[in-house]
Amino acid sequence: MTFVNGKPLPVVALTGTNGKTTTKELLATVLSTKYNLHYTQGNLNNQIGVPLTLLQIKRAHELAIVEMGASHPGDIKELVDIAEPNYGLITNVGRAHLEGFGSFEGVQRTKQELYDYLLANNGTIFRNADNPLLAQMQNHATQLLHNSTQLLHNSTQLYTTGTMPSGTHLVGEYNAENVSAAICVGRHFGISCEQALEAIRQYVPTNNRSQAMQTACNQLIVDAYNANPTSMQAAISVFKGDTFILGAMRELGEYTHLEHQNVVNMLAERKADLVFLVGEEYRLTTSPYPIFDTVDQLHAYLEEHPLTDKHILLKGSRSTHIEQLLDIL
């Protein structure tokens, strides 16, 4: 347990395959309406970032939110042992960092380490009741604890995915569960739904995460901070525009070809009007769409063939640098 001035400081730990940084920002937006809050800045969510976040806690802070990322088995256990959270939330579990985890089951087991810790330490779990996998993971963690030691009292606060409320700056129906999570946590800490919604409506996404932009030529949805198969397919399925600029997804190991082919197939099924693919990973797919090995190659192409009056989705792993196209869109 984290102490400040000799008193325990509530710590909310947050992890998940998709949406954890947006959810963290929404939690911070809601909780800061009532508390002097400290929370993870940027993407400082690994074995270096989490200790740095904790070291920045000041005497005046009343609550902390610590984002936790993982790319290998055991990563979350290591981070919860450092942060010692009282509360925890897993946004979802999807296919990401498969090269490091080895399989989807490896992703699931590592994320479950947050539930393991909270159940063993009298913690509170916030969970989406509409996600059966999360329920299965909590049940499995409970059974493991029953088999090893006495199960301590713990609390589970449930929320549902719901629908996107009106008046927010968030893009994509997939953000509905992130909003619901923030409202649930806020309610637990004494913030009404009305107060939470008002705060969320004031939040404006930054850092190329589901960020809506209007340029002189086009309307853009920039979601170029990260990409994995689950988030890529979610973005494609809800996008209402006519043009896709998609970068490769990295760290997929033996699943690289399969997951990039799945993206191509999904685009074909929805009869996408205009598609540009960036990354050598798409070369092995049976793609009817133009493929550019690097973002520089696509940049040069678009300089000669500019896009105008388009509604464009830009999404890809950070290492593809899709955001470098913004100056010509």
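See the structure above.
In this text the structure is predicted, and so the values were computed from the model without any measurement.

1. Here's the deal with the environment of Thr161
Relative to the helices and strands, Thr161 is located in the loop between strand 8 (155-159) and helix 7 (176-188). In this structure the C-alpha to C-alpha distance between Thr161 and Arg59, which are 102 residues apart in sequence, comes to 36 Å. Once residues within four sequence positions are removed from consideration, Thr161 is found in contact with Asn128, Asp130, Ala176, Glu177 and Ser180.

2. As for the layout of surface pockets
In this structure, the largest pocket encloses a volume near 1,100 Å³. Around the largest pocket, the lining is made up of 49 residues, and of these Thr17, Asn18, Lys20, Asn226 and Asn228 lie nearest the centre. Elements with a minimum of two residues in the lining of the largest pocket: helix 1 (20-31), helix 5 (104-120), helix 7 and helix 9 (229-238). Here the lining of the largest pocket takes four residues from helix 9, the largest share from any one element.

3. Structural notes on the side chain of Asn178
Locating Asn178 in the fold gives a position in helix 7. Residue Asn178 is classed as buried on the basis of its relative accessible area, which comes to 5%. The contact partners of Asn178, leaving out residues within four places of it in the chain, are Gly19, Thr22, Thr23 and Leu26.

4. With respect to a nonpolar patch on the surface
A grouping of Leu44, Ile48, Leu52 and Leu55 is seen on the molecular surface, where their side chains present a nonpolar patch of about 400 Å² in accessible area. With respect to the helices, strands and loops of the structure, Ile48 is situated in the loop between strand 4 (37-39) and helix 2 (49-55). The exposed category is assigned to Ile48, whose relative accessible area is 61%.

5. A short note on the pairing of strand 11 (residues 243-247)
In terms of residue burial, strand 11 counts as a mostly covered element, since five of its five residues are buried. Where burial is concerned, the two faces of strand 11 agree: the one with Thr243, Ile245 and Gly247 and the one with Phe244 and Leu246 are both buried. Relative to strand 12 (residues 274-278), strand 11 runs parallel, the two sharing five bridges. Bridge assignment links Leu246 to a residue of strand 12, and that residue is Leu277. Handedness of the crossover joining strand 11 and strand 12 through helix 10 (residues 256-269): right-handed.

6. Regarding the sheet that holds strand 14 (residues 311-315)
One open sheet accounts for six strands, arranged 9-10-14-11-12-13; its pairing is mixed. Each of the sheet's edge strands pairs with one partner strand only, and the pair in question is strand 9 (211-214) and strand 13 (291-292). In this sheet, strand 10 (residues 219-223) lies alongside strand 9 in antiparallel orientation, the contact comprising four bridges. For Gln214, the partnering residue across the bridge sits in strand 10 and is Gln219. Each of strand 11, strand 12 and strand 13 is contacted by helix 11 (residues 295-304), which is oriented at about 145° to strand 12, the strand it contacts most.

7. Observations concerning the packing of helix 1 against helix 8 (residues 193-202)
Where helix 1 meets helix 8, the closest approach of the two axes is 8 Å, and the angle between their N-to-C directions is 125°. By the angle class used here, helix 1 and helix 8 are oblique. Read as a crossing pair, helix 1 and helix 8 show a hand that is right-handed. Residues Leu26, Thr29 and Val30 of helix 1 pack against Ala196, Ala199 and Ile200 of helix 8. The residue makeup of the contact of helix 1 with helix 8, split by class, is five nonpolar, one polar and no charged.

8. A few points about the pairing of strand 7 (residues 124-128)
Most of strand 7 sits out of view: five of its five residues are buried. The two faces of strand 7 match: Thr124, Phe126 and Asn128 on one face and Ile125 and Arg127 on the other face are all buried. Bridge analysis of strand 6 (residues 87-90) against strand 7 gives three bridges, and the strand direction is parallel. By the bridge assignment, Gly88 is partnered in strand 7 with Ile125. Where strand 7 meets strand 8, five bridges bridge the pair, whose relative direction is parallel. Following the sheet pairing, Ile125 is matched in strand 8 by Thr156.

9. A closer look at the sheet that holds strand 6
Pairing in this open sheet of six strands is parallel, and the strands run 4-5-3-6-7-8 from one edge to the other. Two strands bound the open sheet, and with one partner strand each, they are strand 4 and strand 8. In this sheet, adjacent strand axes meet at a mean angle of 20° when their direction is disregarded. In the packing of helix 7 onto the sheet, the strands contacted are strand 6, strand 7 and strand 8, and the crossing angle to strand 8 comes to about 135°.

Quick notes on the rules
- Residues numbered from 1 in each chain as written.
- Predicted model: local features only at pLDDT ≥ 70, side-chain atom pairs only at ≥ 80, totals over all residues.
- Heavy atoms only, no water.
- Helix = DSSP H or I, 4+ residues; strand = E, 2+ residues; numbered from the N terminus.
- Contact = heavy atoms within 4.5 Å.
- 1 Å grid on protein atoms, 1.4 Å probe; cavity = no way out; pocket = protein on both sides within 12 Å on 5 of 7 lines; lining within 4 Å.
- Points joined across faces, edges and corners; volume = space filled by probe spheres on them.
- Buried < 20%, exposed > 50% of the residue type's maximum accessible area, 1.4 Å probe, protein only.
- Patch = residues over 30% accessible without salt bridge, like charges linked within 9 Å, V, L, I, M, F, W, Y side chains within 5 Å.
- Areas by Shrake-Rupley, 256 points an atom, 1.4 Å probe, with all protein chains shown as cover.
- Salt bridge = Lys/Arg side-chain N within 4 Å of Asp/Glu carboxyl O.
- Pairing = 2+ DSSP bridges.
- Right-handed = clockwise from strand over helix to strand, strands pointing away.
- Axes fitted to C-alpha atoms, helices over the stretch in contact; angles between N-to-C directions.
- Parallel < 35°, antiparallel > 145°, perpendicular 65-115°, else oblique.
- Left-handed = near helix turned anticlockwise from the far one by under 90°.
- Nonpolar A, V, L, I, M, F, W, Y, C, P; charged D, E, K, R; others polar.

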